[in-house]
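Coordinate analysis (summary)
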Amino acid sequence: MKILVTGGAGYIGSHTCVELLQEGYEVIVVDNLSNSNEESLKRVQELTGKNLEFHKIDLLDKKSLNALFDDSSIEAVIHFAGLKAVGESVTIPLRYYKNNISGTLCLCEVMEHHNVKTIIFSSSATVYGDPQRVPIKENFPVSPTNPYGHSKLMIETILRDLHAADSTLNISLLRYFNPVGAHPSGRIGEAPQGIPNNLLPYITQVAVGKLPELFVFGNDYPTPDGTGIRDYIHVVDLAKGHTQALKKITLHPGVVTYNLGTGRGYSVLEMISAFEKASGKKISFKIVGRRSGDIAACYADASKAKTELGWVTEKGVDEMCADAWSWQSKNPNGY
């Protein structure tokens, strides 16, 4: 089965390519490399001993995308490509809406033209906004608090509307919680450009000496230690969730939505402590004001994915931190 992976050179995309290749799928990657690096794909091929096909294409370049579909017998799409920083989306919302939504519209039009009926979409727990209670189930109300979350929810809505118009489509909406860690080899991992927007790569860059200290955004949330609580999931577990979703979607389920998380929340201070234990490094941090768009607590009820996909997370917080440190210490400047 030939799979198109958009944004496949990115953090989650590259780890998913490893799992796809190991499961025997043929993989074609499109990525504009705006926040990723082609080196990740070279390492994916080294790790698996298998080849993939790469095309540097922006999803807004419909002509090039059409040409790729013309030349390839693509059977399904896993759609990662998009801008992904919550804080940045608040300051440059237009860029997020244009890139994430318009890019998806181009992709869907090309898929329709070539009669490709299957897509797995990289959505986010940010669609739930500030939940009234936790853990969060898939049927909870959705109410994003930032443009990034709005863009993800709009794409979910577009995909549902497409299915309403064509019931032969099969669509899987995967709502990720907080991906962290790296491949256990230390060869591929998260390599953000500039100052990281996410907690663990920020911590690892402090540990490796790239950044002087960690900023903890807010210690006055209604949580046990005052810092925000999130559901951190090892990126390899998350990647495996996509291969399980791919197996499910070949059974033609229509539109399905799954939370991919561990079901356990950790605070910022707990994550700092866990990383110090795993790495043997002391992390200097400073409490600063809350970030716009952040919420107090967010963690998953992932029982639906367990029941319907046979998917459960296998890696705990110690492995998440150890693998993140292994990647960062071996690759202090990323790729």
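So, here is what we can say about the structure in this document. A quick note: this is a predicted structure, and the numbers were derived from the prediction, not measured.

1. Considerations on the sheet that holds strand E12 (residues 266-267)
Overall, mixed pairing links the 3 strands, which are arranged E12-E9-E14 in an open sheet. Bordering the open sheet on either side are E12 and strand E14 (297-298), each of which pairs with just one other strand. Looking at chain direction, strand E9 (residues 229-230) and E12 are connected through 2 bridges and run antiparallel. Among the inter-strand pairings, Ile 229 is bridged to a residue of E12, identified as Ser 267.

2. Description of helix H9 (residues 268-279)
The terminal C-alpha atoms of H9 lie 16 Å apart, and with 12 residues this matches the ideal 16 Å at 1.5 Å per residue to within 8%. For H9, every residue scored as buried is listed here: Val 268, Met 271, Ile 272, Ala 274, Phe 275, Glu 276 and Ser 279. For H9, the elements touching its buried residues are helix H7 (199-207), strand E8 (214-217), strand E10 (232-234), E12, strand E13 (285-288) and helix H11 (317-330). Positive phi appears at Gly 280, one or two residues downstream of H9, with a value of about 75°.

3. Overview of the state of the cysteines
A full pass over the atoms with the stated rule returns 0 disulfides. The cysteine Cys 106 is free of any disulfide, with Cys 108 supplying the nearest cysteine sulfur at 9.6 Å. Judged by its relative accessible area of 13%, Cys 106 falls in the buried class.

4. Thoughts on the pattern of salt bridges
The tally for this structure, following the rule as stated, stands at 14 salt bridges. The salt bridge partner of Glu 190 is Lys 84, with a shortest N-O separation of 3.9 Å. Remark: Lys 84 occurs in the loop between strand E4 (76-79) and helix H4 (86-91) and Glu 190 occurs in the loop between strand E7 (178-180) and H7; sequence separation between them is 106 residues. Residue Glu 190 is classed as buried on the basis of its relative accessible area of 9%.

Cut-off values and rules
- Every chain is numbered on its own, with residues counted from 1 as its sequence reads.
- For this predicted model, a pLDDT threshold of at least 70 governs which residues receive local features, and a threshold of 80 or more governs which side-chain atom pairs are given and counted, while totals over whole chains, interfaces and linings are taken from all residues.
- Hydrogens are left out, water is left out, and the side-chain values use all remaining heavy atoms of the structure.
- Pairing between two strands requires that DSSP report at least two bridges joining them.
- Here a helix means four or more residues in a row that DSSP labels H or I, a strand means two or more in a row labelled E, and each is numbered from the N terminus.
- Here, expected helix span is obtained from the residue count minus one, scaled by 1.5 Å.
- The buried label applies to any residue whose accessible area, calculated with a 1.4 Å probe on protein chains only, is under 20% of its type's maximum; exposed applies above 50%, and partly exposed to all values in between.
- What makes two residues a contact is simply this: any of their non-hydrogen atoms within 4.5 Å.
- Only a pair of cysteine sulfur atoms within 2.5 Å counts as a disulfide in this structure description.
- The term salt bridge refers to a side-chain nitrogen of Lys or Arg lying within 4 Å of a carboxyl oxygen of Asp or Glu.

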